[in-house]
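Letter by letter, the chains look like this.
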Amino acid sequence: MAQARTDLTATQSLIWTSQQLSPQSPLFNGGLAFEFSSAIDPDRFERSWQAVVEGSDALRTVFLERDGQVEQKVLDRLEVNVPIHDFREDAQADTAARRWIDERICHKLDLSQRPHDTALLRLPGERWIWYLNVHHLVVDAWSIGVICQHMSRWYQGLHDGTTPEPLPSFMDYRGHERQWRQSRAFQEARAHWKQCERAPSGLVALYGRIGKRGFLDSVRISAPFGNERSQRLREMGEHPDWRSFSPHLARFNLLATVVLAYLHRVSGNQVLTIGTPAANRSTPAFRNTIGVFIETLPFTVEVEKGETFRSLHEKVSAASMSFLRWAQPGSSTTALARTFNVVLNYINTSFGEFDGKPMQVELLHPKQVDSGHDLRVHLHDLSDTGEIIAHLDVNTTTLEEGVRDRMGGHFLRLADAFLAEPELQISAVSLLGEDEYRAQLSDFNSDRPGPGAPSVLSAFSARVADAPQAIAAREGDRVVTYSELDDLSDRLASELVRRGSAPGENTGIYLRRSLDFLVSVLGVLKAGGA
């Protein structure tokens, strides 16, 4: 008989609440595509999947809503099948399979029936892709790794006549969290996170913009690190100056330094708060359990004037230790989730082999993000190739397409500067690529506006109204926003008028190209001068 329970973990409660706010959204789909390098026996594969589901209470859990309360039931048995979609006869087989995957990952799962969806896609040349989508109410990224390993063991076992060791129950963790919430250690951690809830806002205005709340659509910008850059980062993490008590924590600290440097440069924020998941698997049994363990909690760093990559890394390393100390089971709350609009998801698991053979793994994007998030940064090496992949999932109301297209380049240029010269001041790095620089230089030097082009002042005023806190210009460590530039030029214009400047009158400016020169040009134009 199915076991009915109403007690969700803290993380499950947050996910369930967010899902109910957008009941038809696939934003909590946890999808991957595994491409196998050799032929698959589909019958044995399906029996392996059935065995994995039977051995995992999380994968047999369904969710029902009764009288406004969520009820989760662990079914005694859940019959599964793995349908086959054959693309071998399609002239554009890879394109057709890609289209099928992209459409399928955007389907919302019916949690009252099952929390997962799966299929095998057959391509020419005995190539197979396993499509797997599991709702984040029952798994996190680490769990997908456990699923993949257990699938491989069952697939081999059904061939060899052996039976893999059973997996621990996720219900054990639920009980652990309930008990932990009564402990003194949890109360101390809760007091720490309460302080974080009341801290000044560290929300990040990406390129001066914060997206519309309640809007879910997003696009993915991929920025592969490449083999050389990835190798340099790994070597850096092994050096005594940069290592931590585990290779993954060292890598997280390095990557978080790049992410926070990037966010500082494109927002101007000094105080930066991002959300990042704590793995929360404190025992060997928990590390081998399928379930949702993560707690996504705020991670705050302050970037000071003259900050170098090295000094920022030192702050990140200290913040990591504090974060790990207080990231206790059950710490997640709605109030904490409101303290950040950017999430850094460093995935420290990989799925390099199935049945002893290598495979390629793709992290799928359901084209939606949590309505409170403007950016989700995923960093991983899921295929265990040694190359780090960065995915930047951007809320489409936050940035226009032209800016989004440049994000990956800006991010990697900061990574390159960090790897090449850690003592460099973050503010000294140019984010512009050669094409961007040429385009800006061409626009600046052009004196032939197109038909119907707005005047300089009308275009400037529109930008001030649209993004007052965006960075308008910087000179060394000095930075001004559009609002500040508007105010400074208004003051100068008033002073020029007071001193007798007349409309249409030429006004000389004897300054080098600088922030003061920019204020002077706008001030003269606002005063009616030329």
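Residues numbered from 1 in each chain as written. Predicted model: local features only at pLDDT ≥ 70, side-chain atom pairs only at ≥ 80, totals over all residues. Heavy atoms only, no water.

### Side note on the pairing of strand β11 (residues 342–346)
The buried fraction of β11 is high, at five of five residues. By the alternation rule, side chains of β11 split into Val342, Leu344 and Tyr346 and Val343 and Asn345, which are all buried. Here β11 runs beside strand β14 (residues 375–380); their pairing, made up of five bridges, is parallel. Bridging from a neighbouring strand, Asn345 pairs with His378 of β14. (Buried < 20%, exposed > 50% of the residue type's maximum accessible area, 1.4 Å probe, protein only. Helix = DSSP H or I, 4+ residues; strand = E, 2+ residues; numbered from the N terminus. Pairing = 2+ DSSP bridges.)

### Considering the packing of aromatic side chains
For the structure on display, the rule yields 26 aromatic pairs. Relative to Tyr155, the ring of Phe45 has its centre 6.3 Å away and its plane inclined at 65°; by these criteria the two rings are edge-to-face. A residue pair is termed long-range when its members are at least 10 positions apart, and Phe45 in helix α2 (residues 42–54) and Tyr155 in helix α4 (residues 141–160) qualify at 110 residues. You'll find Phe45 and Tyr155 in the same group, each marked buried. Here a set of aromatic residues connected by ring pairs shows up, and it is made of Phe34, Phe36, Phe45, Trp49, Trp130, Tyr155, Phe351 and Phe354. Above the plane of the ring of Tyr155 lies Arg44, whose end atom (NZ or CZ) is 3.9 Å from the centre. (Phe/Tyr/Trp six-rings, centres within 6.5 Å; stacked < 30°, edge-to-face > 60°. Lys NZ or Arg CZ within 6 Å of the ring centre and 35° of its normal.)

### With respect to helix α8 (residues 247–267)
Every α-helical turn comprises 3.6 residues, leaving residues that sit three or four positions apart pointing alike. Between its first and last C-alpha atoms α8 spans 30 Å; for 21 residues at 1.5 Å apiece the expected length is 30 Å, and the two agree. Positive backbone phi, approximately 85°, marks Gly268, located one or two places after α8. (Expected span 1.5 Å × (residues − 1).)

### Side note on the pattern of salt bridges
Under the defined criterion, the tally for this structure stands at 27 salt bridges. A salt bridge links Arg77 to Glu54; the shortest N-O distance between them is 1.9 Å. Taken together, the positions of Arg77 in the loop between β4 (69–74) and β5 (84–86) and Glu54 in helix α2 put the pair 23 residues apart, joining distant regions of the chain. The salt bridge involving Glu71 is made with Lys73; its shortest N-O contact spans 4.0 Å. Taking the relative accessible area as the measure of exposure, Glu71 reaches 16% and is therefore buried. Ionic contacts of the salt-bridge type, sharing partners, join the residues Glu35, Asp94 and Arg127 into one network. (Salt bridge = Lys/Arg side-chain N within 4 Å of Asp/Glu carboxyl O.)

### Digging into the nonpolar core
One broad trend across soluble globular proteins is that nonpolar side chains are buried collectively. By size, the foremost hydrophobic cluster in this structure holds 61 residues, and its most contacted members are Phe225, Leu263, Phe299, Leu375 and Leu379. By residue number, the principal contributor to this core is α8, which donates twelve residues. Sequence-distant contacts of Phe225, that is, excluding residues within four places in its chain, are made with Ser230, Leu233, Leu255, Leu379, Glu387, Ile388, Ala390, Phe411, Leu412 and Ala415. If you look at the next biggest cluster of nonpolar residues, it comprises 51 residues, including Trp49, Val53, Phe170 and Phe286. (Core = buried A, V, L, I, M, F, W, Y, C linked by side-chain atoms within 4.5 Å. Contact = heavy atoms within 4.5 Å.)

### Side note on a nonpolar patch on the surface
A surface patch of nonpolar side chains, about 320 Å² in accessible area, is lined by Phe245, Met321 and Leu324. If you trace the backbone, Leu324 turns up in helix α10 (residues 309–326). (Patch = residues over 30% accessible without salt bridge, like charges linked within 9 Å, V, L, I, M, F, W, Y side chains within 5 Å. Areas by Shrake-Rupley, 256 points an atom, 1.4 Å probe, with all protein chains shown as cover.)

### Structural notes on unusual backbone geometry
Unusually for a residue other than glycine, Asn280 sits at a positive phi of about 65°. Looking at Asn280, the relative accessible area reads 13%, which means it is buried. The phi dihedral of Asp384 falls on the positive side, at around 60°, and the residue is not glycine. Mapped onto the fold, Asp384 is located in the loop between β14 and β15 (389–395).

### Topic: helix α3 (residues 93–104)
If you check α3, its first and last C-alpha atoms are 16 Å apart, about what twelve residues at 1.5 Å a residue would give, namely 16 Å. Inspection of α3 places Ala93, Ala96, Ala97, Trp100 and Ile101 among the buried residues, and these make up the whole buried set. Down the axis, α3 shows its buried residues gathered within 135° of arc, on one side only. Where α3 is buried, its residues meet β2 (29–36), β5, β6 (116–123) and β7 (127–135). (Arc of directions from axis to C-beta.)

### Some thoughts on the packing of α2 against α4
Relative to each other, α2 and α4 sit at 125°, their axes nearing to 9 Å. Classified by the angle between their axes, α2 and α4 sit oblique to one another. Between α2 and α4 lies a crossing of right-handed hand. Contacts between α2 and α4 pair Arg44, Phe45, Arg47, Ser48, Trp49, Ala51 and Val52 from the former with Ile147, His150, Met151, Trp154, Tyr155, Gln156, Leu158 and His159 from the latter. When grouped by side-chain class, the residues that make up the contact of α2 with α4 number nine nonpolar, four polar and two charged. (Axes fitted to C-alpha atoms, helices over the stretch in contact; angles between N-to-C directions. Parallel < 35°, antiparallel > 145°, perpendicular 65-115°, else oblique. Left-handed = near helix turned anticlockwise from the far one by under 90°. Nonpolar A, V, L, I, M, F, W, Y, C, P; charged D, E, K, R; others polar.)

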